[in-house]
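# Structural features, examined
Single-letter residue listing:
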Amino acid sequence: MPEEEILKQRIDKLMRLRAEEGFDPFRNDRWDRKQTLEEINRIYGSLEADCHAEGVEVVTAGRLMTIRRHGKASFATMEDETSRIQLYFQLDATGEKAYNFFRKWVDTGDILGVVGTPFRTRRGELTLQVTSYSLLSKALRPLPEKWHGLKDTEIRYRQRYVDLIANPEVRETFRKRSIIVKTFREVLERHGTMEVETPILSPLAGGANARPFITFHNALGVNLYLRIATELYLKRLIVGMLGRVYEIGKNFRNEGIDIMHNPEFTAMEVYWAYANYQDMMDLTEEILVACADALGSRKVTYQGTEISFEPPFRRATMVDLVKEYCGVDIESVTSDEEARKIGKAKGLEITGKETRFGILTELFENFVEEKLIQPTFVLGHPVEVSPLAKRNYDAPDYTNRFELFIYGKEVANAFSELNDPLDQRERFTEQLRKKTEGDEEAHVFDEDFVQALEYGLPPTGGLGIGIDRLTMFLTDSRSIRDVILFPTMKPKS
RNA sequence: GAGUCGUUAGCUCAGCUGGCAGAGCACCGGACUUUUAAUCCGGGUGUCGAGGGUUCGAAUCCCUCACGACUCACCA
């Protein structure tokens, strides 16, 4: 039957229900639920087979997922946000009127409020013997098939509500995501960090190397950008003496979509005055371990590979890792020319403009990243690729920075913040030069940010963690779309 | 942006070298007072993603387009 036909039939049934019974299933505006199905399962789980909890009456509610009608007695499976339970409707227990109403008017997908007595059937299933019930809302569209669930990715992502109804494990994934975000807040608050909100719309999109979305403000008559990072505003707040701040929110990057990237994604950024990147490494470890613990285990299986969140995570410099995985010791390379030759021999595409630090980064990205399966802190990125990080004063070509890799993917990025306004101005100038050379992702020059630094930014440690990716690893989700409730989709024309 | 694969009933899927569009679940009608993928009897409900072409004949072959998944590129 075409879906529109089923819909028509159900609407017709709704009209008849209103006319024949004088009952509108949408009239109820509340149901005084006393127990969730999880609570009922827990409390009455020890009932023995063929035993009733005499004199007990529970009041609960949920969606009917399946109905098995058999004459003067019927079974149904009801599900709520916590669990599921079997319902037993029996003519003798509900009375004839209520039983016939159930037979005639109640469909799968409907939302029911139920009053009943727990018992265990002869076959051993905990069940509610329904004594009375109320039809709280009606489903006019059919549920996906009960056995196979809903698999069609397009419907799952476009109509997530159907996915959530049909696939309880999807609900579980998003519950875990919520626990992860909550754990972030708990750890940060424990360290006296204040949650703030900075602009999503702003005249400049800085703080990262990425292409922004552009929009237009009618009243101001100007273009505004959706933020690509929260970094520059949060550091202004450290200048402004807020001490320790963090923000959890969406960033927007106008780039490709694949299993690791969605145009809008959630990041947590935190900045601590008087701290450095080492402190941020400890904090990262603390947050990730807390998240793993909150979900039950420090050992998780991701796509068949075991990942251990047991601290301490490995810490290694980019230079050492390139030595280890590529056999290239960049410190013994003294000229850019020599570095380019080595890069070319390793199969890199060479334009002739690369410095030895650029080659180092390329070697790392092409040959090392994918090998870093267990959580690994990679330290000491070149200044060249770190326009906002403080220089390492003992090795001025490198920064006090780290990135955390898990399963070959970047999950966190942190550094001691560059607080020298003169150096920052030079770095922005260098980015501007790259931009004029055609690098669309070079960092914008943010004059106001430099001005903020000129008022004095204390030594500051900053950290960003990609919450979607971390959630993927902790929930064994293959695609970022499986941890974003409503992923970005092309509209159906 | 490029390549590969996919799109058939509400859902999950068959449909062979071109020859009457199918199954299970769901749905509709009936029987049934402990079933649980309930069972039994009856009912097939479709713009085969869209458009065009080849052919006596197209779900099937060809072309274009749309959407999705994956791989690559950019990126976190």
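Numbering of residues starts from 1 in every chain and runs along the sequence as written. Here chains are named by letter from A upward and ligands by number from 1 upward, in the order in which they appear as written. Side-chain atom pairs in this predicted model are given and counted only at pLDDT of 80 or more, local residue features only at pLDDT of at least 70, and totals for whole chains, interfaces and linings cover all residues. As a convention, hydrogens and water are excluded, and side-chain values are obtained from all of the structure's heavy atoms.

### Regarding the pairing of strand E3 (residues 84-90)
Under the scheme applied here, a residue whose accessible area is under 20% of the maximum for its type counts as buried, over 50% as exposed, and between as partly exposed, the area being computed with a 1.4 Å probe on protein chains only. Here a helix means four or more residues in a row that DSSP labels H or I, a strand means two or more in a row labelled E, and each is numbered from the N terminus. Here E3 lies mainly inside the structure; five of its seven residues are buried. Where strand E2 (residues 73-79) meets E3, seven bridges bridge the pair, whose relative direction is antiparallel. Its bridge partner being in E3, Ala76 is matched across the sheet by Leu87. The turn joining E2 and E3, which pair antiparallel and follow one another in sequence, is formed by four residues. When DSSP finds two or more bridges between two strands, those strands count as paired.

### So, the sheet that holds strand E20 (residues 460-466)
The strands making up a sheet associate through backbone hydrogen bonding, with each pair oriented either parallel or antiparallel. Taking strand neighbours across the sheet as the criterion, the eight strands line up as E6-E10-E11-E20-E19-E18-E15-E14 in an open arrangement whose pairing is mixed. Each edge of the open sheet carries a strand with a single partner, namely strand E6 (194-195) and strand E14 (314-317). Here strand E15 (residues 376-379) runs beside strand E18 (residues 401-406); their pairing, made up of four bridges, is antiparallel. Its bridge partner being in E18, Leu379 is matched across the sheet by Phe402. Sitting on the sheet, helix H10 (residues 318-326) touches E14 and E15, and the angle it makes with E14 is about 90°. When checking whether two residues touch, look at their non-hydrogen atoms; a contact exists if any pair is within 4.5 Å. Between N-to-C directions, angles cover 0 to 180 degrees, with each direction set by a line fitted to C-alpha atoms, over the stretch in contact for helices. Those strands touched by helix H15 (residues 467-475) are strand E10 (244-252), strand E11 (264-273), E18, strand E19 (409-416) and E20, and its axis lies near 135° from that of E19.

### Brief notes about the pattern of salt bridges
Salt bridges are defined as contacts in which a side-chain nitrogen from Lys or Arg sits within 4 Å of a carboxyl oxygen from Asp or Glu. Summed over the entire model, instances satisfying the criterion amount to 45 salt bridges. In this structure, Asp163 engages Arg156 in a salt bridge whose closest nitrogen and oxygen atoms are separated by 2.9 Å. By relative accessible area, Asp163 is classed as buried at 0%. Among the salt bridges present, the one from Asp423 reaches Arg391, with a minimum N-O distance of 3.2 Å. Here Arg391 lies in strand E16 (residues 391-392) and Asp423 lies in helix H13 (residues 421-436), a separation of 32 residues in the sequence. Through salt bridges with shared partners, a single network forms among Arg10, Lys13, Asp107, Asp110 and Lys138.

### Considerations on the packing of H10 against helix H12 (residues 356-368)
Between H10 and H12, whose axes approach to 10 Å, the crossing angle comes to 55°. It follows from the interaxial angle that H10 and H12 lie oblique. Viewed along their axes, H10 and H12 form a crossing whose handedness is left-handed. Contacts from Met318, Val319, Leu321, Val322, Tyr325 and Cys326 of H10 reach H12 at Leu360, Thr361, Leu363, Phe364, Phe367 and Val368. When residues are sorted by character, Ala, Val, Leu, Ile, Met, Phe, Trp, Tyr, Cys and Pro go into the nonpolar class, Asp, Glu, Lys and Arg into the charged class, and all the rest, Gly among them, into the polar class. Here the contact of H10 with H12 is composed, by residue class, of 11 nonpolar, one polar and no charged. The cut-offs work like this: below 35 degrees is roughly parallel, past 145 is roughly antiparallel, 65 to 115 is roughly perpendicular, and the gaps in between are oblique. Rotating anticlockwise by less than a right angle from the far helix to the near helix defines a left-handed crossing, while the corresponding clockwise rotation defines a right-handed one.

### Description of the nonpolar core
For soluble globular proteins, nonpolar side chains are generally found buried alongside one another. In this description, a nonpolar core means a group of buried Ala, Val, Leu, Ile, Met, Phe, Trp, Tyr and Cys residues linked to one another through side-chain atoms lying within 4.5 Å. Phe184, Met268, Ile287, Phe309 and Leu463 are the most contacted members of the largest nonpolar core, which has 45 residues in total. Examining the composition of this core, we find that 10 residues originate from one element, helix H9 (residues 277-294), more than from any other. Non-local contacts of Leu463, meaning those with residues more than four positions away in its chain, are made with Met268, Glu269, Val270, Met280, Leu283, Thr284, Phe402, Ala412, Asn413 and Ala414. Of all hydrophobic cores here, the second largest spans 27 residues; its members include Tyr44, Met78, Phe89 and Leu128.

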